[in-house]
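Tertiary structure, described
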Amino acid sequence: MALRDAYMDKLDAQLRESQAEIQRLTAKANSARAEARVAVEEKIAELHSRQQALTRRVESLRNAGDDAWQDLVSGAETAWSELRSSVRSAAQRF
């Protein structure tokens, strides 16, 4: 059970980290010129969608029984990897 708790703490920290990065991108979007702002805002909307998907997976993990939990971990890892990649891409682009 300690491994599961540590994993959930890690996912929670990753969610907070991604939220902070999305907030930084939002601040950049607010100071961008109008034409650039549209592209940034579209990317931010995509990031929010990916983050919400990860949040739902984290909640599923949190509520899953021990047997189902192991099966859900790979999906959460994939969702986190996709979110992290998208956030990094957006940060480099903007």
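Since we're looking at a predicted model, the values are computed, not measured.

Calculation notes
Residues numbered from 1 in each chain as written. Predicted model: local features only at pLDDT ≥ 70, side-chain atom pairs only at ≥ 80, totals over all residues. Heavy atoms only, no water. Helix = DSSP H or I, 4+ residues; strand = E, 2+ residues; numbered from the N terminus. Buried < 20%, exposed > 50% of the residue type's maximum accessible area, 1.4 Å probe, protein only. Areas by Shrake-Rupley, 256 points an atom, 1.4 Å probe, with all protein chains shown as cover. Lys, Arg positive; Asp, Glu negative; His and termini not counted. Charge placed at Lys NZ, Arg CZ, Asp CG, Glu CD. pLDDT = per-residue confidence, 0-100. Polar contact = N/O pair within 3.5 Å; in protein donor to acceptor, adjacent residues only side chain to side chain. Contact = heavy atoms within 4.5 Å. Expected span 1.5 Å × (residues − 1). Bend = angle between axes of the 7 residues up to and from the residue. Core = buried A, V, L, I, M, F, W, Y, C linked by side-chain atoms within 4.5 Å.

Some thoughts on the overall build of the chain
Along its length, the chain carries three helices and zero strands. Ordered by position from the N terminus, the helices and strands of the chain form the series α-α-α. Overall, the chain is about 50 × 20 × 15 Å in size when its C-alpha atoms are taken along their principal axes. Here the chain holds 94 residues, and 33% of them are scored as buried. Split by element, the accessible area of the chain, about 5900 Å² in all, is 48% carbon and sulfur. The average position of the 15 basic charges and that of the 15 acidic charges among the side chains of the chain differ by 7 Å.

Some remarks on the confidence of the model for the chain
Confidence in the prediction for the chain averages 83 pLDDT; 98% of positions are at 70 or higher. No element of the chain has a lower mean pLDDT than helix α3 (residues 66-93), which averages 80, and none a higher one than helix α1 (residues 2-31), which averages 86.

Thoughts on the side chain of R4
Here R4 shows up in helix α1. A polar contact of 2.7 Å, which involves the side chain of R4, links it to the backbone oxygen of L61. A distance of 2.5 Å separates a polar side-chain atom of R4 from the backbone oxygen of A64. If we ignore the near neighbours within four places in the chain, the residues touching R4 are L61, R62, N63, A64, G65, D66 and W69.

Description of α3
The terminal C-alpha atoms of α3, which comprises 28 residues, lie 41 Å apart, in line with the 40 Å expected from a rise of 1.5 Å per residue. When the local axis directions of α3 are compared, the greatest deviation, roughly 35°, occurs at L72. Regarding α3, the residues found buried are W69, V73, G75, A76, A79, W80, L83, S86, V87 and A90.

Structural notes on the nonpolar core
Core analysis: the largest hydrophobic core is formed by 22 residues, its most contacted members being Y7, L47, L54, L61 and W69. At the level of secondary structure, the elements contributing two or more residues to this core comprise α1, α2 (34-63) and α3. In terms of residues, this core owes the most to one element, α3, which gives eight residues.

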